[in-house]
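Summary of the model geometry
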Amino acid sequence: MEMPTKENAIASNRDAWNDSARHHKDTPQWRARLAEVIQPDFSCLDDTLTGLLHQVGVDGKDVVQLGCNNGRESLSLFALGARSVVGVDQSEAFLDQARELASRSPHAPEFIEADIHHLPGALQGRFDVALITIGVLNWMPDIAAFFHHVAQTLKPGGALVVYETHPFLEMFDPETDDPYRLASSYFRSEPFVQEQPIVYEGRVDQPASPSYWFVHTLGAIFTSALDAGLQIRHFKEYPHSNREELYDLYEQKKAQLPLCFTLVAVKR
Ligand SMILES: C[S@@+](CC[C@H](N)C(=O)[O-])C[C@H]1O[C@@H](n2cnc3c(N)ncnc32)[C@H](O)[C@@H]1O
């Protein structure tokens, strides 16, 4: 299969995520979310991320979430005391959902449609905290370029907080007969390509724009953060899964894989 250029991969991922949005509306989860966000203290953040954000300090701060999807996590930042929240995503269709959630909420986040590699000038040097959560890093064809752009949103002394899936998991395929067999190289350079709609559970057999999922080693992530002028202040790995339910089978094992990580890096 011919590999796309970086720009084409980003554009195709945008089309795939725009198509994905309709699969996440008019579901029981969406209706529940519409009701929950009415509460001023609404938060869907788990204990790991909540604890870390408390440590970093979000109270009274200006926060940006990059790859905010439907804005549920951006809205949750107000429960931690954020003064202002901006959510950035390149999927217009998911930002429509984010704005619908925000319209029910007592808080007023701003949602901006942009590719993280082409952020508007108004977002540069503006934030105390930048947040990246599960399922963002792997859509990026060039992790060094991505960290460079993310770092630019921070004020000097501002902190990037990442809560992501662990790259070791990319070596396993939970859908094969032997989900513990090493199925793919940790150093894989070509992306995984999916040609069906992006959904969080199961599979929808309809055509969709190809989406490109890139594997980044921990070494590439650390080096990219350092090269972007960020100082790594915290890194922790966990035995719990923060990704699709499919991956829960890797939890609670005697020989435990790391399943996710948190990283905090501060702009010099
Ligand atoms: C898996 S979702 C994030 C979900 C979020 N962590 C949550 O739990 O709600 C990944 C998001 O990244 C966005 N994204 C992917 N590539 C992007 C890019 N180059 N610029 C901006 N957003 C991007 C997608 O549109 C999608 O909404």
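You'll find the structure just up there.
Described in the following lines is the structure provided in the data block. (Residues numbered from 1 in each chain as written. Predicted model: local features only at pLDDT ≥ 70, side-chain atom pairs only at ≥ 80, totals over all residues.)

It is worth spelling out the site of the ligand at this point. Taken together, 19 residues lie near the ligand, and W17, G67, N69, S91 and G135 sit nearest. Those elements that place two or more of their residues in the shell around the ligand are α1 (6–20) and α4 (72–76). For the shell around the ligand, the element with the most residues is α1, which contributes three residues. Among the residues forming the shell around the ligand, the class breakdown is seven nonpolar, eight polar and four charged. (Near = placed C-beta within 6 Å. Helix = DSSP H or I, 4+ residues; strand = E, 2+ residues; numbered from the N terminus. Nonpolar A, V, L, I, M, F, W, Y, C, P; charged D, E, K, R; others polar.)

Let's shift gears to the nonpolar core. Counting 65 residues, the largest nonpolar core has V63, V129, A130, L160 and V161 as its most contacted members. A per-element tally of this core places strand β5 (residues 154–165) first, with six residues. If we skip the residues at most four places from it in the chain, V161 touches L52, L53, V56, V129, L131 and V264. (Core = buried A, V, L, I, M, F, W, Y, C linked by C-beta atoms within 7 Å. Buried ≥ 20, exposed ≤ 12 C-beta atoms within 10 Å, placed from the backbone. Contact = placed C-beta atoms within 7 Å.)

Time to look at the pairing of strand β9 (residues 260–267). The element β9 is largely enclosed, with a buried count of seven among its eight residues. Note that β5 and β9 share seven bridges and pair antiparallel. Note that in β9 the partner of T165 across the bridge is C260. Looking at chain direction, strand β8 (residues 230–238) and β9 are connected through eight bridges and run antiparallel. Counted as the bridge partner of I232 is A265 from β9. (Pairing = 2+ DSSP bridges.)

Turning to helix α6 (residues 143–151), a few remarks are in order. Every buried residue of α6 is listed here: F146, F147, V150 and A151. Buried residues of α6, seen end-on, are gathered within an arc of 130 degrees and therefore sit on one face of the element. (Arc of directions from axis to C-beta.)

The next subject is the environment of Q152. Position of Q152 relative to the elements: it lies in the loop between α6 and β5. Classification of Q152 as partly exposed rests on a count of 18 C-beta atoms within 10 Å. Along the sequence, Q152 and A98 sit 54 residues apart, while their C-alpha atoms lie 24 Å from each other. Contact partners of Q152, with chain neighbours within four places excluded, come to L119 and Q124.

As a further point, take the sheet that holds β5. In spatial order, the strands read β3-β2-β1-β4-β5-β9-β8; together these seven strands make up an open sheet with mixed pairing. One side of each edge strand has no neighbouring strand; the edge strands of this open sheet are β3 (110–113) and β8. Taken over all neighbouring pairs, the strand axes of this sheet differ in orientation by 15 degrees on average, direction set aside. Note: strand β2 (residues 84–89) against β3, four bridges, orientation parallel. What sits directly across from V86, in β3, is E110. Here helix α5 (residues 92–104) sits on the sheet and contacts β2 and β3; the angle it forms with β3, its principal contact strand, is near 170 degrees. Strand contacts of α6: β1 (62–66), β4 (127–133), β5, β8 and β9, with the helix running at about 135 degrees to β5, the strand carrying the most contacts. (Axes fitted to C-alpha atoms, helices over the stretch in contact; angles between N-to-C directions.)

Just distances and angles here, no functional claims.
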